[in-house]
Each structure stands twice: as C-alpha cells, then as structure tokens.
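What follows is each chain in one-letter form.
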Protein chains: 2
Amino acid sequence: MDSKVRLHIAGPLGAGQDVELTRDQAHYLSGVMRLSPGDTLTVFDGVSGAWRATIDAASKRGGTLTCQEQTAAQRNPPDIWLIFAPIKKVRTDFIVEKATELGAARILPVQTRFTNSERIRRDRLQAHAVEAAEQCGGTFVPEVTDIAPLDRLLADWPADRALIFCDETLSDDPDWAEGGTGTALPPAPAAILIGPEGGFSSEERARLRALPFAHPIGLGPRILRADTAAVAALTLWQQARGDWT
Amino acid sequence: MDSKVRLHIAGPLGAGQDVELTRDQAHYLSGVMRLSPGDTLTVFDGVSGAWRATIDAASKRGGTLTCQEQTAAQRNPPDIWLIFAPIKKVRTDFIVEKATELGAARILPVQTRFTNSERIRRDRLQAHAVEAAEQCGGTFVPEVTDIAPLDRLLADWPADRALIFCDETLSDDPDWAEGGTGTALPPAPAAILIGPEGGFSSEERARLRALPFAHPIGLGPRILRADTAAVAALTLWQQARGDWT
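Residues numbered from 1 in each chain as written. Chains lettered and ligands numbered in written order. Predicted model: local features only at pLDDT ≥ 70, side-chain atom pairs only at ≥ 80, totals over all residues. Heavy atoms only, no water.

Enquirer: Residue-level account of the interface of chain A and chain B, with values.
Expert: Every contact between the two is made by 32 residues of chain A and, on the other side, 32 residues of chain B. Summed over both sides, the interface of chain A with chain B buries roughly 2800 Å², with 56% coming from carbon and sulfur. Ranking the residues of chain A by area buried against chain B places E101, R222 and W244 of chain A at the top, with a combined share of 24%. Where chain A meets chain B, there are ten salt bridges. Put simply, D227 of chain B and K98 of chain A hold a salt bridge, and the shortest N to O gap is 2.9 Å. Counting across the interface, chain A meets chain B through 21 residue pairs in polar contact (both at pLDDT 80 or more). (Contact = heavy atoms within 4.5 Å. Buried area = accessible area lost by both parts, 1.4 Å probe. Salt bridge = Lys/Arg side-chain N within 4 Å of Asp/Glu carboxyl O. Polar contact = N/O pair within 3.5 Å; in protein donor to acceptor, adjacent residues only side chain to side chain.)

If you want it as structure tokens, here you go:
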C-alpha cells in the first residue's frame, strides 16, 4: 500500500536497491515527518513508478533507504506542454504547482514583450514541480526549462505540435469567436501558451495567429489572470483530449 | 471607454451621481494610482454595470467622485455556487479570487468532518472577491457567506439546485466511473462542492451520494489539491453549462 509520505529521489529504483538520501530529504523524514529506521514511505524517480521503501538511517546529516517493491506503475501525462510568461513570484510558483498537478508533460517559461520578469530561478521552479508531484500522488515530474524568448521558441517549434494560444481579446473579436472556448482543441502533441498580465503585444498576437500550427482559444467572457488561465486551459485540454476519461 | 483603474463602490450609480469614497479608496486613487481631480476611472456597484467617473477630490482623508456615463452593461454570472472547505489561508484566499474570476454567483465556505479551519474572516474573504472583480473587469461581486456545517447546508438545500460533488475517490470506483469527468454536468441552478485536503469522511461521502440532487464527478487520474479542484470544476461547468460560449 502507498504511504502518505512520498519522496522523489534520484533513480534508478528496483527491489533491494539502496538509496542515498540528500541532507534535506533525510532531515524531512527524520525531523519533520518524525520517521525512524524501519518505517516505510513511498519513493519515485519519475520513470519507474512508485515504490515502497524502508528507512535504514535518517538524521539531519543524511540517510539511506532500501527500496522494497513497486506499489504503482509509472504513469506519464499526455504530451501537453504549458508555456507561460512568468509573473509575480507567488503566482509563478502557483502555475508550476498547478501544471504539475494537472498533468503537464513540460513547463516552459517564456519571455514576451510585456513579460514583467526576465529571470527565473529554474532550479527553484523545478523543486516546486517535484514537491507538487510528491503531494499529488504522481509518479512523473515535468521538466521546467530555462526561460526563452518567444521568438526563439517559435523559430524552433516542432512542426507536428499544435500551439493552443489563449487569446484574451478573442471574446471581443467576431472573426475569431467561431472557434469558441475549448471546442476543437487539438490532440497531443500540443502546447498551451498563456501570455503575461499585460497580454500579448499586437505584433505578437498577429504573428501567433498567422502560424499554421496555432489554435487561438478564448476562455470565457471575464478577464482571467494568467495563473487562472493556465489552470483553466489545462483542465479543458485534459478533459477533451487528455487522460481525464 | 473603460479605464484600467476600476473601483467597486457602494451604489446606487447614475449619471451625475456624486459618490463618497472611503478613506482606503481615496488613498488608493491618490496615493497608489497617483490620480488627481479631473482624472477618470471605472466604478461599479455590483448591479448597475460599469460607469465612467471623474475624481472631484481624493486624498488620504477621503474623497468624492462624480459618476458620468455607463460604459458597460451589468453582467451577472450564471447561477453556479462554489462550496468549499477552508484550507490554509493563502489557498482559501486564492479560491475566493479564482471563483470570482471564473464567474461563481455565490461562494459558501463549509465545515466538514476533516476541515482544518473552523473559522474564517468572512469580511476579509468578501474583500478578496471585490478585489478580484475589480481586477478581472467584472461588474458582479459574488457574496461570500459565513461558514456553515455541511449538515446544515444539506438540510436547507433548495430542491431545484443540483449539487456537483467532486469526489476524489471516484476514479478508483468502477460503480461511479461511468459518470466520467465533466460529462453530463447539470445546468443552473447548480453548486460545486469541493472537500477539504483530507477528503470527505466515508459517512459524508455516503450521505452525499445518496442525495437525489447530487451529481458526483471525478477530476482526472491525479489527486488535485482543493484549490486546483475548485478552479478545474468551475472551468468545466462554465464551459459546458455556463457562459463560456
């Protein structure tokens, strides 16, 4: 049975495999969760499913586990990326957490014309994705990439991947309104692109609309914050085209 | 044209109507937004649409506006309630903000068996709803009710309102799986019920499932946090049955 204490660790995992804990992990198990040698927890490495492990030793200086048996098969999300323009720190953290919970396969911060923040702490965002996977019972951790300018992202775009572009002006524009909301969402491989709080520039919007792989969608009659739009668009896609069946 | 500065004020609004500002509002306009007498902003009272107003006076001691002309008609959301068990402060705030953006008509904190927090600051949550409506360009502010025990809420339940009950165990239970996710969501009047982080108790779940007006739904194969579930369920409902068309 799956323990409530879940830890993402470096692989590989396998029956009888010894696992070295980082100091932080060992402190979390012994100091925060108050587990002792012999206690069990669930571990996963992102590719090998979930495993029951027993603690051999854990203190604030480090520790080791022994991997026992697999308790859940590896479950990867559908091939959906989330591309977003970083906003205020707490909302950026939130987007990474929610995208992980909602089964994004990859999280790509992007720099647009009106992006407030040009730098991100990629390692910190990746740690948020790990923590979200630990919390939500997942066995997969999406990669958080380094921030890239929108131009470069589009120049390198894989031809077979649909780009679902959340266009906050769509509900005002009758030419685009026939697309509706969440209807005719393209299947995987796909990516959802969310703009910054100031929206896309008119040049960016024109360029995005002209791309053959772009699918502009609207998200209802109210203006959504960027973090809300990310959760809403991922939800609609997972329900229509993903693994929510 | 609609100003980017938007303020929810006590009504009634009408052409030529003088409006007294609270100290906080006057300080926000003069001290934070750096507006001066003669500058314009958008005001709304929750029932009369959006109006252009000009500042007559604003300082940190108070101020007045004059309401000029209506710039947007009143737009009320569909009759969908969000009922949720309060969680950690920042996530509770977040749920209220997101429910307002996503067009909930009413927000009802509920106390369940495993609800961590038995008290809420209703006035603070209501202020969050107002701020979210100001930010998202809305003209409607959902009422945040006082927290009520689940039992009492169900005892007083209006017979014609469907209760969409997000059941985190649903994906594991073949008897309920045929309902699927987001399919066959009931139309308005409806309410979405999200449990606390610990889920519903088995007694609560059995009771909810037995209610003739209850519609259990699942939200995909990953465990969602309560705040994620609230946003996801509101999104699915708005797209299927609400005003996202």
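We are not done yet, so read on.
Enquirer: Help me get a handle on the packing of helix 2 (residues 89–101) of chain A against helix 3 (residues 122–135) of chain A, residues and values and all.
Expert: All names here are of chain A. Packing of helix 2 against helix 3 brings their axes to within 8 Å, and their N-to-C directions diverge by 45°. Of the possible angle classes, the one that applies to helix 2 and helix 3 is oblique. As for the relative orientation of helix 2 and helix 3, their crossing is right-handed in sense. Each of K89, T92, D93, V96, E97 and T100 in helix 2 lies in contact with helix 3, whose residues at this interface are R124, L125, H128, A129, A132 and A133. Among the residues making up the contact of helix 2 with helix 3, the classes are represented as five nonpolar, three polar and four charged. (Axes fitted to C-alpha atoms, helices over the stretch in contact; angles between N-to-C directions. Helix = DSSP H or I, 4+ residues; strand = E, 2+ residues; numbered from the N terminus. Parallel < 35°, antiparallel > 145°, perpendicular 65-115°, else oblique. Left-handed = near helix turned anticlockwise from the far one by under 90°. Nonpolar A, V, L, I, M, F, W, Y, C, P; charged D, E, K, R; others polar.)

Enquirer: Hey, could you go over the packing of aromatic side chains for me, with residue numbers and the actual values?
Expert: Here the distance between the centres and the angle between the planes together describe a pair of aromatic rings. Counted according to the given criterion, the structure contains seven aromatic pairs over all chains. On the numbers, 4.0 Å between centres and 50° between planes, the contact of F94 of chain A with F94 of chain B is tilted. With F94 of chain A in helix 2 and F94 of chain B in helix 2 (residues 89–101), this pair bridges two chains. Each member of the pair, F94 of chain A together with F94 of chain B, is buried. Taken together, the ring pairs connect W81, W157 and F213 of chain A into an aromatic cluster. (Phe/Tyr/Trp six-rings, centres within 6.5 Å; stacked < 30°, edge-to-face > 60°. Buried < 20%, exposed > 50% of the residue type's maximum accessible area, 1.4 Å probe, protein only.)

Enquirer: Residues and numbers for the nonpolar core, please.
Expert: In terms of nonpolar packing, the biggest core is built from 76 residues, with I192 and I194 of chain A together with I192 and I194 of chain B touching the most fellow members. Apart from the residues lying within four places of it in its own chain, the contact partners of I192 of chain A are I80, W81, L82, I83, I164, C166, A233, L234 and W237 of chain A. (Core = buried A, V, L, I, M, F, W, Y, C linked by side-chain atoms within 4.5 Å.)

Enquirer: Break down the sheet that holds strand 1 (residues 6–8) of chain A for me, with residues and values.
Expert: All names here are of chain A. The five strands lie next to each other as 1-3-4-5-2, forming an open sheet whose pairing is mixed. Since the sheet does not close on itself, it has two edges, and those belong to strand 1 and strand 2 (18–21), each with one partner. Adjacent strand axes in the sheet meet at a mean angle of 40°, parallel and antiparallel pairs treated alike. With five bridges connecting them, strand 3 (residues 40–44) and strand 4 (residues 50–59) associate as antiparallel partners. Bridge pairing in strand 4 links V43 to W51. Strand contacts of helix 1 (residues 23–32): strand 1, strand 2, strand 3, strand 4 and strand 5 (62–72), with the helix running at about 90° to strand 4, the strand carrying the most contacts. The sheet contacts of helix 3 involve strand 1 and strand 3, and relative to strand 1 the element is tilted by about 145°. (Pairing = 2+ DSSP bridges.)

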